[in-house]
Amino acid sequence: MADRNRRKTTSRASSSSSRRKSSVVVKSDVDSHKNMSERQKSRKRKQMRYNRHQRMILIGGAVIILILACIIGFATRRNGSEILVNGESVGIVNTRSVTQEDIVNSVSAMLAEQIGTKVQIMDEIEVKGVHVSKNTQTLTTESLLANLRDSVAYNIEAYAIAVNGDVVATLKNQEEADQTLQYLNDMYTPENAENVSISYKEDVQIISQYTNTDSIMSLEDAQNKIAIGETVTGTHTVASGDTAYSIALNYGMSLSELYDLNPELGNSSNIYVGQQLTVRMNKPYITVEATVTVTERETAEKEVQYQYDSTKSSSYKKIIQQGTNGVTEITKEQHYINGQFENEEVISSKVVTQPVTEIVSIGTN
């Protein structure tokens, strides 16, 4: 019994000691975990303070950069416009509201008003934004436009006579171009002809185009050029009765010009029938076809019938029915090429009055 009591006592003591050890271990672990958590929180607080400091530095730097950018931008902003012609500066205006189209349109309008016709500016005009400071020399928009008006290259609107697409003469306006063609028409219209229709074998047009002033002809020069035509070389076959002099005269040449074109002649005027000579002639730019409509009246002769009367003497002659001639109205078209008659054709025929047969009685006794 005493042994059992001692064992129980020992067992309780051992159990109590074990509980105390376990309690110490748990408390030690809790204290260790608590200390570790405090250190982590401390490190975290330090890291947050560092991050906050870094952000403040970055924000401050960004603000400084932004302020500097604004200062630089303001100091170098493009508050003016530089005008360049073919890449070269002609002046600066203190505004950004002008465009290349504005400049071209304004200068074109000023030139058109000055010259009296539309113009086309040939130089390349460019508008570039620039910074204008208080030391920059600028022009007023009006001064700049006036300078451009007096310096830019331009073409003017003119009216060209084109034959088969090739320009033959250029005149300053539509009226003078029309007058030039009318001059040609009148030259090749038969004298005193009425009801004349003019046409051209070639495709002749008056076209509007922009050209430089040097290519514009006077009205007189254009009319002469159109009338004379272009000078070309051709061949003349010598016919019976031809002489060197008559051939040269016929083509508006001198004898020396004929000899120059035909060196085989030397200075001799001896030519023979069938010989081919080179000649210089004027070839019209335009072939004028004049169609003249004429109306003519032709007489239709009356028919005469004879009645023979054996009761009358042979000297007897009496008109029993008076005859009259008839009238026929004929309309013709006469064709001329560059003033030379070509042919004519009847396009209509109408009887105005019918002829009346005349009856004559003649004695036969």
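These lines cover the structure that appears in this document, whether it is placed above or below.

Strand order in the open sheet formed by three strands is β12-β16-β13, with mixed pairing between adjacent strands. The sheet is open, and its two borders are formed by β12 (304–309) and β13 (317–321), each paired with just one other strand. Strand-to-strand twist across the sheet, computed as the mean angle between neighbouring axes with direction ignored, equals 30°. Examined bridge by bridge, β12 and strand β16 (residues 358–363) share six bridges and lie parallel to one another.

Moving on: the nonpolar core. Ranked by internal contacts, the top residues of the largest apolar core, which has 16 residues, are Ile-161, Leu-184, Val-204 and Ile-286. At the level of secondary structure, the elements contributing two or more residues to this core comprise β5 (154–163), β6 (166–171), α4 (174–187) and α5 (219–228). Not counting chain neighbours up to four residues away, the residues in contact with Val-204 comprise Ile-161, Ala-162, Val-163, Leu-181 and Ile-286. If you look at the next biggest cluster of nonpolar residues, it comprises 15 residues, including Ile-103, Val-107, Leu-144 and Leu-148.

Attention shifts here to unusual backbone geometry. A positive phi angle is found at Asn-192, which is not glycine, with a value near 65°. Along the chain, Asn-192 turns up in the loop between α4 and β7 (196–200). Even without a glycine there, the phi angle at Asn-338 is positive, about 50°. The residue Asn-338 is located in the loop between β14 (326–337) and β15 (340–353) in this model. For Asn-338, a relative accessible area of 17% puts it in the buried group.

Before going further, it helps to examine the environment of Ile-359. By secondary structure assignment, the location of Ile-359 is in strand β16. For Ile-359, a relative accessible area of 15% translates into the label buried. Taking the C-alpha atoms as reference points, Ile-359 and Lys-318, 41 residues apart in sequence, are found 8.7 Å from one another. Not counting residues within four places of it along the chain, the set of residues in contact with Ile-359 comprises Gln-305, Gln-307, Lys-318, Ile-319, Ile-320 and Gln-321.

According to the stated counting rule, one finds one aromatic pair in the structure shown. Between Tyr-336 and Phe-341, the ring centres sit 5.4 Å apart and the planes meet at 70°, which makes this aromatic pair edge-to-face. Judged by its relative accessible area of 44%, Phe-341 is partly exposed. Above the plane of the ring of Tyr-316 lies Lys-312, whose end atom (NZ or CZ) is 5.3 Å from the centre.

Parameters at a glance
- Residues numbered from 1 in each chain as written.
- Predicted model: local features only at pLDDT ≥ 70, side-chain atom pairs only at ≥ 80, totals over all residues.
- Heavy atoms only, no water.
- Pairing = 2+ DSSP bridges.
- Helix = DSSP H or I, 4+ residues; strand = E, 2+ residues; numbered from the N terminus.
- Axes fitted to C-alpha atoms, helices over the stretch in contact; angles between N-to-C directions.
- Core = buried A, V, L, I, M, F, W, Y, C linked by side-chain atoms within 4.5 Å.
- Buried < 20%, exposed > 50% of the residue type's maximum accessible area, 1.4 Å probe, protein only.
- Contact = heavy atoms within 4.5 Å.
- Phe/Tyr/Trp six-rings, centres within 6.5 Å; stacked < 30°, edge-to-face > 60°.
- Lys NZ or Arg CZ within 6 Å of the ring centre and 35° of its normal.

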